[in-house]
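Residue-level listing of the chains:
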Amino acid sequence: QVHLVESGGGLVQSGGSLRLSCAASGSIFRIYTMGWYRQAPGKQRELVAIIMLGGSTNYADSVKGRFTISRDNAKNTMFLQMNSLKPEDTAVYYCNVRASTPTMSDYWGQGTQVTVSS
């Protein structure tokens, strides 16, 4: 089993920055993909950014150039640096990892609220 703990959410003004962290623990053999998703009220959960084991990344068009995803494989930790935040970035942000224990499964964090005021 893999346990994910997110931190770093909060309230920020438009144009501000926040840094989210996600720490994975448990009987982990290897973490493959790590990603951030978000869900705004009344909307479906959507992919924000994803980072592969080798470091390649993909971003939603809406956050390209503003958000940066990174990971520390030695510490099983992932980060999301969010700059130039907009009110439309307001959502609950969820950490997701695909890991082997050794069975390959997807795991989700509990979510952290990000609120951007205009």
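Scroll up to find the structure this text is about.
Here's what I pulled together on the structure shown here. As the structure is a prediction and not an experimental result, all values here were calculated from the model. (Residues numbered from 1 in each chain as written. Predicted model: local features only at pLDDT ≥ 70, side-chain atom pairs only at ≥ 80, totals over all residues. Heavy atoms only, no water.)

### Let's talk about the packing of aromatic side chains
Geometrically, a pair of aromatic rings is defined through the distance of the ring centres and the angle of the planes.
For step 1, the next point in the chain: On inspection of all chains with the given rule, the structure shows one aromatic pair.
For step 2, the next point in the chain: Ring centres of Tyr 37 and Trp 108 lie 5.0 Å apart, and the angle between their planes is 65 degrees; on these two criteria the pair is classed as edge-to-face. Placement of the pair is Tyr 37 in strand β4 (residues 30-39) and Trp 108 in strand β10 (residues 104-108), with a sequence separation of 71 residues.
For step 3, the next point in the chain: We classify Trp 108 as partly exposed; its relative accessible area is 39%. (Phe/Tyr/Trp six-rings, centres within 6.5 Å; stacked < 30°, edge-to-face > 60°. Helix = DSSP H or I, 4+ residues; strand = E, 2+ residues; numbered from the N terminus. Buried < 20%, exposed > 50% of the residue type's maximum accessible area, 1.4 Å probe, protein only.)

### Re the environment of Glu 6
For step 1, the next point in the chain: Along the chain, Glu 6 turns up in strand β1 (residues 2-7).
For step 2, the next point in the chain: Remark: the alpha-carbon pair of Glu 6 and Lys 86, spanning 80 residues in sequence, is separated by 21 Å.
For step 3, the next point in the chain: Non-local contacts of Glu 6, meaning those with residues more than four positions away in its chain, are made with Ser 21, Cys 22, Trp 36, Tyr 93, Tyr 94, Cys 95, Gly 109, Gln 110, Gly 111 and Thr 112.
For step 4, the next point in the chain: Within the local environment of Glu 6, its side chain forms a polar contact with the backbone nitrogen of Cys 95, the two atoms lying 2.5 Å apart.
For step 5, the next point in the chain: Here Gly 111 takes part through its backbone nitrogen, which lies 2.5 Å from a polar atom of the side chain of Glu 6. (Contact = heavy atoms within 4.5 Å. Polar contact = N/O pair within 3.5 Å; in protein donor to acceptor, adjacent residues only side chain to side chain.)

### Here's the deal with the pattern of salt bridges
For step 1, the next point in the chain: In this structure the tally under the stated criterion is five salt bridges.
For step 2, the next point in the chain: Among the salt bridges present, the one from Arg 38 reaches Glu 46, with a minimum N-O distance of 2.7 Å.
For step 3, the next point in the chain: By relative accessible area, which is 36% here, Glu 46 ends up partly exposed.
For step 4, the next point in the chain: A single network of salt bridges, built from pairs that share partners, joins Arg 38, Glu 46, Arg 66 and Asp 89. (Salt bridge = Lys/Arg side-chain N within 4 Å of Asp/Glu carboxyl O.)

### Considerations on unusual backbone geometry
For step 1, the next point in the chain: Backbone torsion omega between Thr 101 and Pro 102 reads 5 degrees, so that peptide bond is classified as cis.
For step 2, the next point in the chain: Among the structural elements, Pro 102 can be located in the loop between β9 (91-100) and β10.
For step 3, the next point in the chain: At Asn 76, a residue that is not glycine, the phi angle is positive and equals roughly 50 degrees.
For step 4, the next point in the chain: Mapped onto the elements, Asn 76 comes out in the loop between β7 (67-72) and β8 (77-82).
For step 5, the next point in the chain: The exposure class of Asn 76 is partly exposed, given its relative accessible area of 23%.
For step 6, the next point in the chain: Even without being a glycine, Ser 84 presents a positive backbone phi close to 50 degrees.
For step 7, the next point in the chain: By the element assignment, Ser 84 lies in the loop between β8 and β9.
For step 8, the next point in the chain: With relative accessibility at 40%, the residue Ser 84 sits in the partly exposed group.

### Digging into the state of the cysteines
For step 1, the next point in the chain: Within the structure shown, the criterion is met by one disulfide.
For step 2, the next point in the chain: Here Cys 22 connects covalently by a disulfide to Cys 95, the sulfurs 1.9 Å from one another. Across the S-S bond linking Cys 22 and Cys 95, the dihedral sits near -65 degrees, which makes this disulfide left-handed. Taken together, the residues Cys 22 in strand β3 (residues 18-26) and Cys 95 in strand β9 connect sequence positions 73 residues apart. Residue Cys 22 shares its accessibility class with Cys 95, and that shared class is buried. (Disulfide = S-S within 2.5 Å.)

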